[in-house]
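Spelled out, the chains give:
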Amino acid sequence: MTAISERQQRAYIASQAADMRVNVELETEGMTLNIGPQHPATHGTLRIIVKLDGELVVAADPVPGYMHRGYEKLTEVRTYPQVNTLINRIDWLGSFANEVPFILAAEQLMDVEAPPRAQWIRTLLFELSRIANVTLFLGDMAVQLGAVTPVFYAFRDREYVLNLIESATGGRFHPNFDRIGGIKDDLPKGWIAETKQVMVKVNAFCDELEALLLGNEIFNVRTRGIGVIPPEVALSYGMSGANLRASGVDWDHRRDTPVGLVYDKLDWKVWTHPDGDSFARYWVRLQEVREAAKMVIQLCDGLPPGPIMAKVPRIIKVPEGEAWVATENPLGEMGYYVVSKGELVPFRVKIRSASFNNISIVPWLLRGVYVPDVITILASLYFILGDIDR
Amino acid sequence: MGLVESGKLPKPLTKLLNISRKYSMWVYQWGLACCAIEMGAAFGSPRYDVMRLGVIPFPASPRQADLVVVSGTVTDKMAPVIRRLYEQMPEPKYVISMGSCANCGGPYWDSYSVTKGVDQIIPVDVYVPGCPPRPEALLEGIVLLQEMVANEDMAAKWKGDPLVVD
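## What to know about the sheet that holds strand β8 (residues 348–352) of chain A
Residues and elements named next belong to chain A.
Next, step 1: Spatially, β6-β7-β8 is the arrangement adopted by the 3 strands of the open sheet, whose pairing is antiparallel. Bordering the open sheet on either side are β6 (321–329) and β8, each of which pairs with just one other strand. Recorded for the sheet is a direction-independent mean angle of 10° between the axes of neighbouring strands.
Next, step 2: Bridge analysis of β6 against strand β7 (residues 332–340) gives 9 bridges, and the strand direction is antiparallel. Paired with Ala326 across the two strands is Gly335, which belongs to β7.
Next, step 3: Lying over the sheet, helix α4 (residues 95–110) contacts β6, β7 and β8, oriented at roughly 150° with respect to β6.

The structure is reproduced here in structure tokens:
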């Protein structure tokens, strides 16, 4: 090693000091970014306070409650049929699916069982509302990535499904069709044939989106390996539905605990994906729409004849007791814990909705991601604000 | 627009201005609950296609908007935010209240956390009833608002109401 002069040494120290100064000047200060409460990417009015270091998220804090409508308190002053009207509006995209677990819980307390035809029609409408719900996600996810076209396709094909629900139940969005002991009406004439035609369209929509998005390079780069949730973390946060299945946990209420619905009589498959990233969540939901369309066709073919209402008194008084029923709603596990004191109104209804648990992972998941990925991850988690805040 | 402020706007000019205002409504989508999806269907879906009415649903901020559609349940936690949004909009501004919740509280009329009608915090021009209203109903509401705008006397609207810029 050659000896260096004093001058060289001083220059070296000065350059090091200059380097330090530059580093200090370029050091990023923490910034707080407020997303929401009204933001297109939050599917409603979720507010997320994100603390940034440069473009890196160091902490994310969701602030729910902007859509809190006090459901659990309102159910205490509504009779059972009135509660049924109200709870349609929890997850507004798959309204019929909200009614089913509550009605099943009330039926369990009253010791009534719906006739087979009613159970089949219930399952049929349940799956139709799943299609109506998830198709919008399939289009909306692309919007969050900057592709506007798929959402037009989603709205177009969703209208066909909504038309079916409307012609059967009279309600486009909130059917309020389920009754304790059965359903309100039988299916209209010609409905079955029309449903089968629409399912062809739904399948074509899935193929279209698969061709448009899944092979798209931008879509792949922005979703693969982004927002990875390992299965044990997903389970510990109480996630459910497609978010859990995308983490590789093979768990589905429809297959594992088929209460009151006829999923055990159908031929279908629970799809899982081992990756647990945003892409996996999209892929699993896409397959679920296909499975739902498959199930709807099977349900149309196997619809048994018979009555649609069991014998139920005109004024519904539910005997004393407690019941918990959960079903696999489009967003995940949704359950009602109904406590009755033998009166016209429930004493207490605890609503376990899927989205609230699904977004509880947000502070963990968003730590350490970049700002643009925040939007992708939130979109891929797929929550609905009514389902979070209730 | 000195003519408008002084109230000396000639009738034909008013009519011309009104026609152009009526067919270039920039609408800010204030989607809150279920109605937001029906609003999305009305604005974003090829079946209903709101743009043929001269309504443009793409402003990035309320500061660029003429019309706001408040669609969905307004909760007490949300109310100050809506008030702030309305104050950010430039005059002349219009509000459509969409759905029963925004009109009067709707099915949550006895809830402890819901504001019973958005007209308690901001003035509303057109109410669209329904829970949720069909997209056609929202389009009807927009057509009604356009009729209102077409017959508006801008001078009378702004008389005695000085423009304050702070």
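Next comes the rest of the description.
## Section: the interface of chain B and chain A
Next, step 1: Opposite the 33 residues of chain B that make contact, chain A presents 32 residues.
Next, step 2: Looking at the side of chain B facing chain A, the largest losses of area belong to Ile37, Lys77 and Tyr108 of chain B, adding up to 21% of the total buried there.
Next, step 3: On the surface where chain B and chain A come into contact, there are 4 salt bridges.
Next, step 4: The salt bridge involving Arg47 of chain B is made with Glu159 of chain A; its shortest N-O contact spans 3.6 Å.
Next, step 5: If you look at where chain B meets chain A, you find 12 residue pairs in polar contact (both at pLDDT 80 or more).
Next, step 6: The dominant element in the side of chain B that touches chain A, judged by the number of residues it contributes, is helix α3 (residues 34–44) of chain B, at 6 residues.

## With respect to the packing of aromatic side chains
Next, step 1: The final tally for this structure, using the stated rule, is 11 aromatic pairs over all chains.
Next, step 2: Centre to centre, the rings of Phe102 of chain A and Tyr336 of chain A are 5.7 Å apart; their planes meet at 70°, and the pair counts as edge-to-face. Linking Phe102 of chain A in helix α4 with Tyr336 of chain A in strand β7, this pair joins segments that are 234 residues apart in sequence. Residue Phe102 of chain A shares its accessibility class with Tyr336 of chain A, and that shared class is buried.
Next, step 3: Positioned above the aromatic ring of Phe356 of chain A, the side-chain terminus of Arg390 of chain A is 6.0 Å from the ring centre.
Next, step 4: A cation over an aromatic ring shows up here: Lys77 of chain B above the ring of Tyr66 of chain A, its NZ or CZ 4.7 Å from the ring centre.

## Concerning helix α6 (residues 135–150) of chain B
All names here are of chain B.
Next, step 1: Given a rise of 1.5 Å per residue, 16 residues ought to cover 22 Å, and the 23 Å separating the end C-alpha atoms of α6 matches this to within 8%.
Next, step 2: Looking only at α6, the buried set comprises Pro135, Leu138, Leu139, Gly141, Ile142, Leu145, Gln146 and Val149. An end-on view of α6 places all buried positions within 155° of arc, on one side of the element.

## Details of the side chain of Asn243 of chain A
Residue and element names in this part refer to chain A.
Next, step 1: Here Asn243 shows up in helix α10 (residues 242–245).
Next, step 2: We classify Asn243 as buried; its relative accessible area is 0%.
Next, step 3: In terms of polar contacts, Asn243 uses its side chain to reach the side chain of Arg285, at 2.9 Å.

## What about the sheet that holds strand β2 (residues 55–56) of chain B?
Residue and element names in this part refer to chain B.
Next, step 1: The 5 strands lie next to each other as β2-β1-β3-β4-β5, forming an open sheet whose pairing is parallel. The sheet is open, and its two edges are formed by β2 and β5 (126–128), each paired on a single side.
Next, step 2: Pairing of strand β3 (residues 67–71) with strand β4 (residues 94–98) involves 5 bridges; the strand directions are parallel. When the sheet's bridge partners are listed, Val68 is paired in β4 with Val95.
Next, step 3: Here α3 sits on the sheet in contact with β1 (25–31), β3 and β4, set at roughly 150° to β1.

## Structural notes on the state of the cysteines
Residue and element names in this part refer to chain B.
Next, step 1: Under the counting rule described, the total for this entry stands at 0 disulfides over all chains.
Next, step 2: For the unlinked cysteine Cys35, the closest cysteine sulfur is that of Cys34, found at 6.0 Å.
Next, step 3: On the basis of relative accessible area, Cys35 is assigned to the buried category, the value being 7%.

## Side note on the environment of Glu166 of chain A
Next, step 1: Checked against the element boundaries, Glu166 of chain A lands in helix α6 (residues 149–169).
Next, step 2: For Glu166 of chain A, a relative accessible area of 22% gives the class partly exposed.
Next, step 3: Residues Glu166 of chain A and Val296 of chain A, 130 residues apart in the sequence, show an inter-C-alpha distance of 16 Å.
Next, step 4: Not counting residues within four places of it along the chain, the set of residues in contact with Glu166 of chain A comprises Gly171 and Arg172 of chain A together with Arg134 of chain B.
Next, step 5: In terms of polar contacts, Glu166 of chain A uses its side chain to reach the side chain of Arg134 of chain B, at 2.5 Å.

## Some remarks on the confidence of the model for chain A
Next, step 1: On average, residues of chain A carry a pLDDT of 85, and 96% of them reach 70 or more.
Next, step 2: Element-level pLDDT for chain A is lowest in helix α1 (residues 6–26) of chain A, with a mean of 76, against a maximum mean of 90 in helix α12 (residues 278–301) of chain A.

## With respect to the side chain of Ser355 of chain A
Residue and element names in this part refer to chain A.
Next, step 1: By secondary structure assignment, the location of Ser355 is in helix α13 (residues 354–359).
Next, step 2: Given a relative accessible area of 0%, Ser355 falls into the buried group.
Next, step 3: Those residues within four positions of Ser355 in sequence are excluded, and the remaining contacts are Leu331, Phe383, Ile384, Asp387 and Ile388.

## Observations concerning unusual backbone geometry
Residue and element names in this part refer to chain B.
Next, step 1: A cis amide bond, omega -15°, links Cys131 with the succeeding residue Pro132.
Next, step 2: Following the sequence through the fold, Pro132 ends up in the loop between β5 and α6.
Next, step 3: Despite not being glycine, Asp49 has its phi angle at roughly 50°, a positive value.
Next, step 4: Mapped onto the elements of the fold, Asp49 is located in the loop between α3 and β2.
Next, step 5: Taking relative accessible area as the criterion, Asp49 reaches 33% and is therefore assigned partly exposed.

## Considerations on the environment of Pro101 of chain A
Next, step 1: Within the secondary structure layout, Pro101 of chain A lies in helix α4.
Next, step 2: If near-sequence neighbours (up to four positions away) are discounted, Pro101 of chain A is found in contact with Val325, Thr327, Asn329, Met334 and Tyr336 of chain A.

## Some details on the nonpolar core
Next, step 1: Residues Val70 and Ile82 of chain B are the most contacted members of the largest nonpolar core, which totals 153 residues.
Next, step 2: Considering each element in turn, this core owes the most residues, 15 residues, to helix α5 (residues 116–144) of chain A.
Next, step 3: Once you skip the residues sitting within four places of it in the chain, Ile82 of chain B turns out to touch Trp30, Leu32, Val70, Val74, Val118, Ile121 and Ile122 of chain B.
Next, step 4: Core analysis: the second largest hydrophobic core is formed by 22 residues, Met25, Tyr48, Val126 and Leu145 of chain B among them.

## Digging into a nonpolar patch on the surface
Residue and element names in this part refer to chain B.
Next, step 1: A cluster of nonpolar side chains, contributed by Trp26, Met51 and Phe58, occupies part of the molecular surface with about 320 Å² of accessible area.
Next, step 2: Position of Trp26 relative to the elements: it lies in strand β1.
Next, step 3: On the accessibility criterion, Trp26 (34% relative accessible area) is partly exposed.

Reading the values: the criteria
- Residues numbered from 1 in each chain as written.
- Chains lettered and ligands numbered in written order.
- Predicted model: local features only at pLDDT ≥ 70, side-chain atom pairs only at ≥ 80, totals over all residues.
- Heavy atoms only, no water.
- Pairing = 2+ DSSP bridges.
- Helix = DSSP H or I, 4+ residues; strand = E, 2+ residues; numbered from the N terminus.
- Axes fitted to C-alpha atoms, helices over the stretch in contact; angles between N-to-C directions.
- Contact = heavy atoms within 4.5 Å.
- Buried area = accessible area lost by both parts, 1.4 Å probe.
- Salt bridge = Lys/Arg side-chain N within 4 Å of Asp/Glu carboxyl O.
- Polar contact = N/O pair within 3.5 Å; in protein donor to acceptor, adjacent residues only side chain to side chain.
- Phe/Tyr/Trp six-rings, centres within 6.5 Å; stacked < 30°, edge-to-face > 60°.
- Buried < 20%, exposed > 50% of the residue type's maximum accessible area, 1.4 Å probe, protein only.
- Lys NZ or Arg CZ within 6 Å of the ring centre and 35° of its normal.
- Expected span 1.5 Å × (residues − 1).
- Arc of directions from axis to C-beta.
- Disulfide = S-S within 2.5 Å.
- pLDDT = per-residue confidence, 0-100.
- Core = buried A, V, L, I, M, F, W, Y, C linked by side-chain atoms within 4.5 Å.
- Patch = residues over 30% accessible without salt bridge, like charges linked within 9 Å, V, L, I, M, F, W, Y side chains within 5 Å.
- Areas by Shrake-Rupley, 256 points an atom, 1.4 Å probe, with all protein chains shown as cover.

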